[in-house]
Amino acid sequence: MKKRIITSVVLSLFGVGQLQAQVLPYQNVKLPFEQRVNDLVSRMTLEEKVSQMVDEAPAIPRLGIPEYNWWNECLHGVARAGLATVFPEPIGSAASFDAGLINRIGNATSDEARAKHNEFIRQGKHERYEGLTFWSPNINIFRDPRWGRGMETYGEDPYLTSAMGVNFIKGLQGNDPKYLKLVATAKHYMVHSGPESERHRFNATTDQYDFLDTYLPAFKASVQEGKAFSIMSAYNSYNGVAASANIFLLSKVLRQELGFNGYVVSDCDAVADIYEGHKEAANKEEASAMAVTAGTDLNCGSTYRALVDAVKSGLISEDRINISVKRLFMARFKLGMFDPNNMVKYASIPYSIVNSKANQQLALEAARKSIVLLKNANQILPLSKNIKNVAVIGPNADDKEMLWGNYNGTPAETVTPLQGIKAKLPGANIVYARGCELAESTGAIDSAQVKRNFDEAISVATKSDVVIMFLGLSPRLEGEEMKVQAKGFSGGDRETIDLPKPQEDLIKALSKLHKPLVLVLLNGSALAINWEAENVPAIIDAWYGGQAAGRAIADVLFGDYNPAGRLPVTFYKSTADLPAFDDYSMRNRTYRYFNGEVLYPFGYGLSYTTFKYSNIKVPQTLITGKSYIVTAQVQNSGKVAGEEVVQLYVKHLDNGIRKPIVALKGFKRIYLKAGETKTVSFNINPESLSLVDKNNKQTERAGISRIFIGGAQPDHQGHTATNITAGKVIVKGTVYTIK
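Cut-offs and rules
- Residues numbered from 1 in each chain as written.
- Predicted model: local features only at pLDDT ≥ 70, side-chain atom pairs only at ≥ 80, totals over all residues.
- Heavy atoms only, no water.
- Helix = DSSP H or I, 4+ residues; strand = E, 2+ residues; numbered from the N terminus.
- Rg over C-alpha atoms; globule rule 2.2 N^0.38 Å.
- Buried < 20%, exposed > 50% of the residue type's maximum accessible area, 1.4 Å probe, protein only.
- Core = buried A, V, L, I, M, F, W, Y, C linked by side-chain atoms within 4.5 Å.
- Contact = heavy atoms within 4.5 Å.
- Pairing = 2+ DSSP bridges.
- pLDDT = per-residue confidence, 0-100.
- Salt bridge = Lys/Arg side-chain N within 4 Å of Asp/Glu carboxyl O.

Peer 1: Explain the overall build of the protein chain to me, using residue names and the numbers behind them.
Peer 2: Along the protein chain, the regular secondary structure elements total 21 helices and 28 strands. Computed over its C-alpha atoms, the radius of gyration of the protein chain comes to 27 Å, within 12% of the 27 Å expected for a compact globule of 739 residues. Expressed along its principal axes, the backbone C-alpha trace of the protein chain runs to roughly 85 × 65 × 50 Å. Relative to its full complement of 739 residues, the protein chain shows a buried share of 62%.

Written as structure tokens, this is what we have:
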């Protein structure tokens, strides 16, 4: 044994291959990863194994294992590690309805992540935000607009979220048959979306229908299609059991039913919440044993250090510890951490790719594609570039950090909307005024300065030819569990979805000047802009658009880019139309189940041109278990070239089963020249037509359905217009259960 230890130390110092005659199995690059992992873990003591099950895993010199920090973030670009390209917040990227774009963002992000890691390793650094295991994407369903972290998600729809999540994961993890570029972590598993202030003790409850129909699909797709190698468990309990210790979620559903073979990491200190917040365990030893037994392999936090005592007291076996440790080391082996750099192609990605010109251009493309045109009365947009006097007003007009969103990196350059407009109109007189605060402060505030800002905005607008207002929200108001001293905001969540009063007062005052008025919203969630929708002639939603947002907004405002974004969430008229925030039932939530009148529907967005749909071709009879192609023709019937987001929805006409009103089942973003016509095709497979039946099984069943293809969703009655075409199909055959 002494000789083996000496050999291990020598190998760790001089590298694999220096002493080929004494290479141990886990050091043998010719052996399968599984065999190497099993060998390595077999050589570790219980204390060493447990030390590797927390996010700050120490080195084990005698085995040549370097220290490793598992915590890293890349929600929309590499975060918290210095220079990085900052892409739009995911809710904005989702508005692009462009899955290929999301894949390219994931690929660019992982290029920069690998380049940064390679440089950190060269410097001998192993700290937080320097590793290769990233806790992104957030694929929770944005079920309620009051949730502050909804901006991190891809919206309210399970299909859209699945498509975006899968493409981002594939971009992050790479396409090498042996090695992972990095590890993507789909989060937060499961049934998680606020309230933020209650998340450490909150119990989210649903029936099995909503679990299968709404909350599970994106995680299922991430595991089975995206091949995500990591899942993060949520803070909350689900149906009375903490998510990090939930055997139903982690063992039965995730591993047995979905076939997940990676590792599960807890949200940070969520294991401590098992006994401190949820009161489901007596102490840290019991909580740790419960979590590992259920299937949480890695603890973000320090609670798992109690596992040594938990094993000694019989709460959990060392054999069960071995399972989790092997999963963790499998990830590190797949990342190439125990192999020479010349075997791992990603180890050669140079640091020069960070914030490269190509990535900067991609950030601009993503920002452009995220912009949604909500209103354009009398075609006031695009604005003429010959305008001489422009008033740029609002607290979001010149705020760089707001554009970065949250979980962000630091770009080399950020273009604010004010800067973008100035660059677009170098000969114009452009005057800026803040105008107001984002929201009413509940803390100390200089009321005299508030009045001066308001009066300045009126003065500036009076002298202008056009007024462009930049209002909305900010990551300082909405976000993850934070203190906010502003009326209508609580713990990162919102108590109301209205535009904050100072902003509404300002825009109403400016509208009385009868100047051409354009409203640009920058926000991470839906806003109930009821007055503005009636009284402001042009409205754009640009989300938190990242480092290139200002250029993208200016391009849209002045006609150098034709907007084609679509809303990934429903814009409701009031919180009074919604169920209680902490009610996780999907009844009367999202476009799939909401029965009321909305301000702007999911999938909505205008263009500077028009599109006409026709000639839908749908097989009249389908057989369960088979796939079919459906097509429709799309014509750019206007005078301007542009992109169109073609959306496919399914509406089941059978009244004998619980079902969505209508459901998105396909989308494609296409470009058409003025007058051009293209045929767009979609694959209708068994899952496209499936429903959760009375036995809580996802099945494709016999019945009649309507298929809609268009630039928007049909209304609740299934009516169509020139921008939607529809066909009816009859599904025949035996019930087909979706695996």
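Having seen the structure, we can now continue with the description.
Peer 1: Got a sec to walk through the nonpolar core? Specific residues and values, please.
Peer 2: Ranked by internal contacts, the top residues of the largest apolar core, which has 102 residues, are W70, Y263, L307 and F329. Excluding residues that lie within four positions of it along the chain, Y263 makes contacts with W70, T133, V183, F229, S230, I231, R255, D297, L298, R327, L328 and A331. Core analysis: the second largest hydrophobic core is formed by 82 residues, V466, L477, I539 and V569 among them.

Peer 1: I'd love a proper account of the pairing of strand β13 (residues 466–472), names of residues and values included.
Peer 2: In the case of a regular strand, side chains alternate between the two sheet surfaces. Taking burial as the measure, the seven residues of β13 include seven buried ones, the bulk of the element. Of the two faces of β13, the one holding V466, I468, F470 and G472 and the one holding V467, M469 and L471 are both buried throughout. The pairing of β13 with strand β16 (residues 517–522) spans six bridges and is classified as parallel. When the bridges of β16 are listed, M469 appears paired with L519.

Peer 1: Talk me through the sheet that holds strand β7 (residues 237–238); I want residue IDs and the actual numbers.
Peer 2: Read from one edge to the other, the open sheet built from three strands follows the order β5-β7-β8, with strand pairing classed as mixed. Edge strands, defined here as strands with exactly one partner in the open sheet, are β5 (203–204) and β8 (241–242). When β5 meets β7, the two strands line up parallel, connected through two bridges. Of the residues in β7, the one forming a bridge with A204 is Y238.

Peer 1: Account for the sheet that holds strand β24 (residues 690–692), with residues named and values stated.
Peer 2: Ordered by their spatial adjacency, three strands build an open sheet running β24-β25-β28, and the pairing between neighbours is antiparallel. Of all the strands in the sheet, just β24 and β28 (736–737) have a single pairing partner and so form its edges. For strand β25 (residues 698–700) and β28, the ladder comprises two bridges, and the chain directions are antiparallel. Counterpart to E700 in the pairing with β28 is Y736.

Peer 1: Break down the confidence of the model for the protein chain for me, with residues and values.
Peer 2: Predicted coordinates in areas of low pLDDT are best not read in detail. On average, residues of the protein chain score 95 in pLDDT, and 96% of them are at 70 or above. The low-confidence segment residues 1–20, where pLDDT is below 50, has 22 contacts with residues more than four positions distant or belonging to other chains.

Peer 1: So what's going on with the pattern of salt bridges? Which residues, and what values?
Peer 2: Counting across every chain of the model gives 41 salt bridges. The partner of E318 in a salt bridge is K49, and the shortest N-O contact between them spans 2.8 Å. One end of the pair, E318, is in helix α13 (residues 318–334); the other, K49, is in helix α3 (residues 46–51), with 269 residues separating them in the sequence. The class of E318 is partly exposed, set by a relative accessible area of 30%. In this structure, the salt-bridge partner of R128 is E56, at a minimum N-O distance of 3.8 Å. Of this pair, R128 sits in the loop between α5 (99–122) and β3 (133–134) while E56 sits in strand β1 (residues 56–57), and the two are 72 residues apart along the sequence. A relative accessible area of 32% means that R128 is categorised as partly exposed. Judged by its relative accessible area of 44%, E56 falls in the partly exposed class.

Peer 1: Let's hear about unusual backbone geometry: which residues, and what values?
Peer 2: A negative phi angle is the norm for most residues apart from glycine, just as the trans form is the norm for most peptide bonds. Residue K187 is joined to H188 through a cis peptide bond whose omega torsion reads -5 degrees. Mapped onto the elements, H188 comes out in strand β4 (residues 183–189). Note that the residue after G194, namely P195, is joined by a cis bond; omega there is 0 degrees. One non-glycine residue, N378, lies in positive phi territory at about 55 degrees. With respect to the element layout, N378 can be found in the loop between β10 (372–376) and β11 (389–393). Under the relative-accessibility criterion, N378 is labelled exposed at 74%.

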